[in-house]
Amino acid sequence: MLEPSHNNELPAIPGKRYFTIGEVADLCAVKAHVLRYWEQEFPQLSPVKRRGNRRYYQRADVITIRQIRSLLYDQGYTIGGAKQKLSSSEVKDDTSQYKQLIRQMITELEEVLDVLNTPAR
């Protein structure tokens, strides 16, 4: 279980096109079986399935999963309440996705700045 002080500090999303279920589980701090369950409950989640029924998530899926996680774990919504919130927030009322994108960009820019400030060897 995550410590309360680290609940909002999820790792930055790497600049990849596709992510495996294990990578998404690590990026979103949930277990793989929870992701599979959420796929059944939330129509917004639709990972690409390839050979052997393997799931490959895209960046938008990871952001949606983080939003679902926030609604369920941080804000105390039920599955039904989170479904309603997500379907109503798709009308652009909810800014949490944009805030998350901005935090992600800031983190990535700070990493680039650290690389640029590191002296050449």
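Computed from a predicted model, the values in this text were never measured in an experiment.

A. Up close: the packing of aromatic side chains. Applying the stated rule across the entire model yields one aromatic pair. Relative to Tyr73, the ring of Trp38 has its centre 6.1 Å away and its plane inclined at 55°; by these criteria the two rings are tilted. Here Tyr73 lies in helix H3 (residues 59-74) and Trp38 lies in helix H2 (residues 32-41), a separation of 35 residues in the sequence. Trp38 sits in the buried class, given a relative accessible area of 3%. A relative accessible area of 44% means that Tyr73 is categorised as partly exposed. Here the guanidinium or amino end of Arg50 rests over the ring plane of Tyr18, the centre of that ring lying 4.6 Å away. Between the NZ or CZ atom of Arg50 and the centre of the ring of Tyr56, over which it lies, the distance is 5.2 Å.

B. Seen up close, the sheet that holds strand E3 (residues 54-57). In spatial order, the strands read E1-E3-E2; together these three strands make up an open sheet with antiparallel pairing. The open sheet has two edge strands, strand E1 (19-20) and strand E2 (48-50), and neither has a second partner. The pairing of E2 with E3 spans three bridges and is classified as antiparallel. Counterpart to Lys49 in the pairing with E3 is Arg55.

C. Molecular detail of the pattern of salt bridges. What the rule picks out here adds up to three salt bridges. Salt-bridge contacts for Glu41 lead to Lys83; the nearest nitrogen and oxygen are separated by 3.1 Å. On the criterion of sequence distance, the pair formed by Glu41 in helix H2 and Lys83 in helix H4 (residues 79-89) is long-range, its members being 42 residues apart. Assessed through its relative accessible area of 30%, Lys83 is described here as partly exposed.

Parameters and conventions
- Residue indices follow the written sequence of each chain, beginning from 1 at its first position.
- Reporting in this predicted model follows two pLDDT cut-offs: at least 70 for local features of residues, and 80 or more for side-chain atom pairs to be given and counted; totals over whole chains, interfaces and linings ignore these cut-offs and use all residues.
- Values reported for side chains reflect all heavy atoms of the structure, with hydrogen atoms and water molecules removed beforehand.
- Ring pairs are drawn from Phe, Tyr and Trp, using the six-membered ring of Trp, whenever the two centres fall within 6.5 Å, and their geometry is named by plane angle: stacked under 30 degrees, edge-to-face over 60, tilted for the rest.
- A run of DSSP states H or I qualifies as a helix once it reaches four residues; a run of E qualifies as a strand once it reaches two. Both are numbered from the N-terminal end.
- Only protein chains enter the accessibility calculation, which uses a 1.4 Å probe. A residue is then buried if its area is under 20% of the maximum for its type, exposed if over 50%, and partly exposed in between.
- Here, over-ring charges are defined by two tests on the NZ atom of lysine or the CZ atom of arginine: distance to the ring centre within 6 Å, and angle to the ring normal within 35 degrees.
- When DSSP finds two or more bridges between a pair of strands, those strands are recorded as paired.
- Each reported salt bridge corresponds to a side-chain nitrogen of Lys or Arg within 4 Å of a carboxyl oxygen of Asp or Glu.

Worth remembering: the numbers are spatial, not functional.
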